[in-house]
Amino acid sequence: MNKDTIMSDFVPGIIAGTINAIVCIVSAMALAALLFTGPLASFLSQGIGILLLGTIIFAVFSALTATYPLILIAPQDIPIAILALMAATVAAGVGSELDAEHAYQFVFVAIGLSSILVGLFFYFLGRFKLGKLVRYIPFPVVGGFLAGTGWLIVKFSFMMMTDLNPGLADVGILFESTFIFEWFPGLIFAVTLLVVTRYFSHYLLTPGILFGSILLFYIIMFGLGFSFTDMEQNGYLLGPFPGGGFFPGLPFKYVPLFRWDLFFIHLPAIATMMVLNAVSVLFNYSGLELIVKRDFDLDKELRLTGYSNILAGMVGTPAGYMTLSETSMSYNLGARSRLPSIVVAVISMVTLVFGADVLSIFPKVILGGLLLNLGLEFMVEWLFDTWKRLHKTDYAVIVLILIVIGSVGFLEGIVLGLLMSIILFVINYSKVEVIKYELSGKTFSSNVERSNHLKEILQDHGDEIYILPLQGFIFFGTANRLLMQVQSRQEDQNLGELKYLVFDFRNVTGLDSSAINSFNKLKILAENCRFHILFCGLNDEMEAQLYVEGIVAEKSLIVRIFQDLDHGLEWCEQHILHRVLPKDDGLERKNKKGSFQHRFSQIADFFEIKNCPSGTIMIKQGEDPGGITFIESGKITVELETDTGKKIRLKTLGPGTVVGEVSLYLGSSASASVITDTDCQVFFLSKESFKKMNLEAPDKTVELHTFIVELLSERLSGSNATIQALMR
């Protein structure tokens, strides 16, 4: 590694770590003040120590185990807010049940126990691979989360610079002369940094602007006659901080006297903390993926976060997880190593042991400007940069989440965003065509190959069969359109009477109750208009739904279920043939016109007559058929066995049809097996007899070749008709 590369990583790492350490220390003091108020206020210094100790543990753990170098885990505001409610409840009992000392001891141990519970919850989420659930969170919701995070960072930056927490109604206070000079320089610094870093890139750029701004701050303030003490007393610097060290000791000595009854009362609140923390963790990592442009193993991150919280809980510190703002700041400052986490741990350790006086020299407006810059980065990226990249409805979701987060609350904004995304998804998904194709018996048939005469009959009656291959999830947004489609076909007089409505569910993932209601209406329509409904390719769950709702009955003549579309169409075709040719002997008589003996009597001497019982394997997949076989009587099935062992029916053949012709002419092995379904009589022409026939009676074989060509042409013509129907 050359010197320039080391410096390009070392300098931003030191700066990012120092700034993040200051933010973490200031946050520790603010969060401790939230926990230790009222009767517990006298223990504020111990509270600061508890938060700082947690910061150190999380930072060291991040530096040692983080899957991405810049990830920084730190105590977070969500668990602190819930713990503050617990602390306030306990503090309210001071004087009656507990004194202040015992209340502090209870809170100290309760903080650690809650962190251990949170850590176990994180671990089991990762252990059972539930982190992937965040992948189902819509992109606009993540964008709104990041934009809302940016707004909260902007708001926090103004709070840091002015010590005010104004709402939207009284934002005008910020423009009073008393406060405008406290935040306006920070705004100038933030905007300058934002604009410059968007157009220029160098690892010394941000550090140079930062140190130049600090130097300019002191030059101006000293020029205006302010001394260091004046700046500190007027709130222009981060100090003053409490003097001395903050180390609070460990909570183990307080466990024997711990009030478990009080702790169990607050378990519902701790459970809420677990869920909110899990959502926040997953959102933070999802947001970080977009910032650093790489994917994380969320299950592994959950487990690591769980380990860190269990470790932190053992010493009584609050729960924490990856902090998106500080991690993003390190990334924006150009750091790419674990150095920022190490610096955070070192500075926090020094502060814990010796106090925070050294941080007092940092200008509050500069730190606020850095946070403001980070917040503006988030908001510019998700409000400005995404304007042209996203659909306007998705963009509206981002804006809506931002508004709700800013005006109501963080969790409310996320929940509303999820609801909006669900609504938009339902609306958009309902526009997806649930009917994959529209086919009829003329353009699509079963894999049963019949004689030309029977094919003509089925072709003449093909429009009686209406085939609808379905796809996706059928719910209230699509089921009614399916019903309307069938009604439209039923009323179309140009296509003739509908007698068979065939649904193929092979590509359907599921049905909801509204879809079941639509199929009930279809059943009523079928009963009134006297047509059959065939459900093909249902999975077990969908079939059970139809039975439970009464759409399918054991002895139903209207609604039938078949294992696949092929067998369903075979039933329709057989039904048509038996209706047109009522007697079986009449059907056989028509078939004999296309029999082998009737058509090829002149070359019959070259063929071997075979009688094959039902279940005979005439041709085995992968082997040489040895010749060509003509079916004189009976029925056979051509069956393909896949690599997984599944058997698929390719064709069912009857009298007047042929198998093995492709292998004979190409000299290849059989691509599928041929099995007799009934007792069959066949005429077999071996390869040797075929060669002999070509040599001894070439003029007599022309008719056979012509027949094979006609057969293959018919199959190709049928395939073309099906392809054309599928492409409509």
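Residues numbered from 1 in each chain as written. Predicted model: local features only at pLDDT ≥ 70, side-chain atom pairs only at ≥ 80, totals over all residues. Heavy atoms only, no water.

Chemist: Could you give an account of the overall build of the protein, with specific residues and numbers?
Modeler: Secondary structure summary: the protein contains 26 helices and 16 strands in total. Relative to a compact globule of 728 residues, whose C-alpha radius of gyration would be 27 Å, the protein shows 39 Å and is clearly more extended. Projected onto the principal axes, the alpha-carbon positions of the protein cover approximately 120 × 65 × 55 Å. Put simply, the protein has 728 residues, and 49% of those count as buried. Across the protein, contacts joining residues at least 24 apart in sequence account for 80% of those joining residues at least 6 apart. For the protein, the exposed area adds up to about 34,500 Å²; of that, 61% sits on carbon and sulfur atoms. Separation of charge centres in the protein, based on 53 positive and 67 negative side chains, amounts to 6 Å. (Helix = DSSP H or I, 4+ residues; strand = E, 2+ residues; numbered from the N terminus. Rg over C-alpha atoms; globule rule 2.2 N^0.38 Å. Buried < 20%, exposed > 50% of the residue type's maximum accessible area, 1.4 Å probe, protein only. Contact = heavy atoms within 4.5 Å. Areas by Shrake-Rupley, 256 points an atom, 1.4 Å probe, with all protein chains shown as cover. Lys, Arg positive; Asp, Glu negative; His and termini not counted. Charge placed at Lys NZ, Arg CZ, Asp CG, Glu CD.)

Chemist: For the packing of helix α14 (residues 364-385) against helix α15 (residues 392-407), give the residues involved together with the corresponding values.
Modeler: Running from N to C, α14 and α15 cross one another at 145 degrees; their axes reach a closest spacing of 10 Å. Judged by residue contacts, Met379, Trp382 and Leu383 of α14 engage Tyr395, Ile398, Val399 and Leu402 from α15. (Axes fitted to C-alpha atoms, helices over the stretch in contact; angles between N-to-C directions.)

Chemist: Give a detailed account of the sheet that holds strand β3 (residues 439-440), specifying residues and quantitative values.
Modeler: In spatial order, the strands read β3-β5-β6-β7-β8; together these five strands make up an open sheet with mixed pairing. The two strands at the open ends of the sheet, each matched to only one other strand, are β3 and β8 (559-562). Note that strand β7 (residues 532-536) and β8 share four bridges and pair parallel. Within the sheet, the bridge partner assigned to Cys536 lies in β8 and is Phe562. Against the sheet, helix α19 (residues 513-529) touches β5 (465-474), β6 (500-511), β7 and β8, its axis set at about 175 degrees to β6. Contacting β5, β6, β7 and β8, helix α21 (residues 565-580) crosses the sheet at an angle of about 170 degrees to β6. (Pairing = 2+ DSSP bridges.)

Chemist: Could you give an account of unusual backbone geometry, naming the residues involved and the relevant values?
Modeler: One non-glycine residue, Lys129, adopts positive backbone phi at about 55 degrees. Non-glycine residue Lys293 carries a positive phi angle of around 60 degrees. Position of Lys293 relative to the elements: it lies in the loop between α10 (267-292) and α11 (298-314).

Chemist: So, the nonpolar core: which residues are in play, and what are the values?
Modeler: Ranked by internal contacts, the top residues of the largest apolar core, which has 127 residues, are Ile19, Leu35, Leu40, Ile71 and Phe106. A per-element tally of this core places helix α1 (residues 3-35) first, with 13 residues. In contact with Ile19, not counting residues within four places along its chain, are Leu210, Met329, Leu333, Leu367 and Leu370. With 31 residues, the next largest nonpolar core counts Tyr466, Ala479, Phe505 and Val552 among its residues. (Core = buried A, V, L, I, M, F, W, Y, C linked by side-chain atoms within 4.5 Å.)

Chemist: Any details on the side chain of His266? Residues and values, ideally.
Modeler: Here His266 is to be found in the loop between α9 (260-265) and α10. Classification of His266 as buried rests on a relative accessible area of 11%. Apart from residues lying up to four places away in sequence, His266 is in contact with Met86 and Thr89.

Chemist: Residues and numbers for the confidence of the model for the protein, please.
Modeler: Chain-level statistics for the protein give a pLDDT mean of 84 and a share of 91% at 70 or above. The model gives residues 585-593 a pLDDT under 50, and that stretch makes eight contacts with residues more than four places away or in other chains. (pLDDT = per-residue confidence, 0-100.)

Chemist: Quick one: what's the story with the pairing of strand β16 (residues 680-686), residue by residue and with numbers?
Modeler: Counted residue by residue, β16 has six buried out of seven residues, so it is predominantly covered. With six bridges connecting them, strand β11 (residues 627-633) and β16 associate as antiparallel partners. Residue pairing for β16: Gly627 is matched across the bridge by Ser686.

Chemist: Could you give an account of helix α3 (residues 77-92), naming the residues involved and the relevant values?
Modeler: With 16 residues, α3 extends 22 Å between its outermost C-alpha atoms, agreeing within 8% with the 22 Å of an ideal straight helix rising 1.5 Å per residue. Every buried residue of α3 is accounted for by Pro79, Ile80, Ile82, Leu83, Ala84, Met86, Ala87, Val90 and Ala91. (Expected span 1.5 Å × (residues − 1).)

Chemist: So, the sheet that holds strand β15 (residues 673-676): which residues are in play, and what are the values?
Modeler: Across the sheet, which stays open at both edges, the five strands sit in the order β4-β13-β12-β15-β10 with mixed pairing between neighbours. Two strands lie at the open edges of the sheet, namely β4 (448-449) and β10 (617-619), each paired on one side alone. As paired strands, strand β12 (residues 636-641) and strand β13 (residues 647-653) are joined by six bridges and run antiparallel to one another. Its bridge partner being in β13, Glu641 is matched across the sheet by Lys647.

Chemist: Before we move on, could you go through the side chain of Thr478 and cite the residues and values that matter?
Modeler: Mapped onto the elements of the fold, Thr478 is located in helix α18 (residues 476-491). Aside from chain neighbours lying at most four places away, what touches Thr478 is Tyr429, Ser430, Val432, Val434 and Phe473.

Chemist: So what's going on with helix α7 (residues 205-223)? Residues and values would help.
Modeler: The end-to-end C-alpha distance of α7, which contains 19 residues, comes to 26 Å, matching closely the 27 Å that a straight helix rising 1.5 Å per residue would cover. Residues of α7 that are buried: Thr206, Pro207, Ile209, Leu210, Ser213, Ile214, Phe217, Tyr218 and Met221. Across the axial projection of α7, the buried residues extend over an arc of 170 degrees, all falling on one side. In α7, the exposed positions angled more than 90 degrees off the buried face are occupied by Phe211, Leu215, Ile219 and Gly223. Count one or two residues on from α7 and you reach Gly225, which has phi positive near 95 degrees. (Arc of directions from axis to C-beta.)

Chemist: Which residues make up the packing of aromatic side chains, and what values do they have?
Modeler: Scanning all chains against the criterion turns up 33 aromatic pairs. Note on Trp183 and Phe184: the rings are 6.0 Å apart at their centroids and 75 degrees apart in plane angle, and the pair reads as edge-to-face. Accessibility expressed as a relative area gives 5% for Trp183, which makes it buried. Classification of Phe184 by relative accessible area gives partly exposed; the value is 39%. Both rings, one in Phe505 and one in Phe519, keep their centres 5.9 Å apart while their planes meet at 50 degrees; by these two values the pair is tilted. Here Phe519 lies in helix α19 and Phe505 lies in strand β6, a separation of 14 residues in the sequence. In this structure Phe505 comes out as buried when scored by relative accessible area, which is 1%. Taken together, the ring pairs in this structure connect Phe36, Phe43, Tyr104, Phe108 and Tyr254 into an aromatic cluster. Over the face of the ring belonging to Tyr331 we find Arg336, whose NZ or CZ atom lies 4.0 Å from the ring centre. Over the ring of Phe684 we find Lys610, and its NZ or CZ is 4.2 Å from the ring centre. (Phe/Tyr/Trp six-rings, centres within 6.5 Å; stacked < 30°, edge-to-face > 60°. Lys NZ or Arg CZ within 6 Å of the ring centre and 35° of its normal.)

Chemist: Give me the pattern of salt bridges: which residues, what numbers.
Modeler: Evaluated as defined, the whole model comprises 11 salt bridges. In this structure, the salt-bridge partner of Asp261 is Arg259, at a minimum N-O distance of 2.9 Å. Classification of Asp261 as partly exposed rests on a relative accessible area of 40%. A residue is classified by how much of its surface remains accessible, and Arg259, at 26% relative accessible area, is partly exposed. Among the ionic pairs, Arg506 bridges to Asp504, the shortest N-O distance being 3.7 Å. The class of Arg506 is exposed, set by a relative accessible area of 63%. Each of Asp566, Glu570, Lys635 and Arg649 takes part in one network of salt bridges that share partners. (Salt bridge = Lys/Arg side-chain N within 4 Å of Asp/Glu carboxyl O.)

Chemist: Would you mind going over the environment of Lys364 in detail, with residue names and values included?
Modeler: Locating Lys364 in the fold gives a position in helix α14. Here Lys364 falls in the buried class, since its relative accessible area comes to 8%. Not counting the four nearest positions on each side in its chain, Lys364 is found in contact with Met160, Met161, Asp163, Gly235, Tyr236, Leu237 and Leu238.

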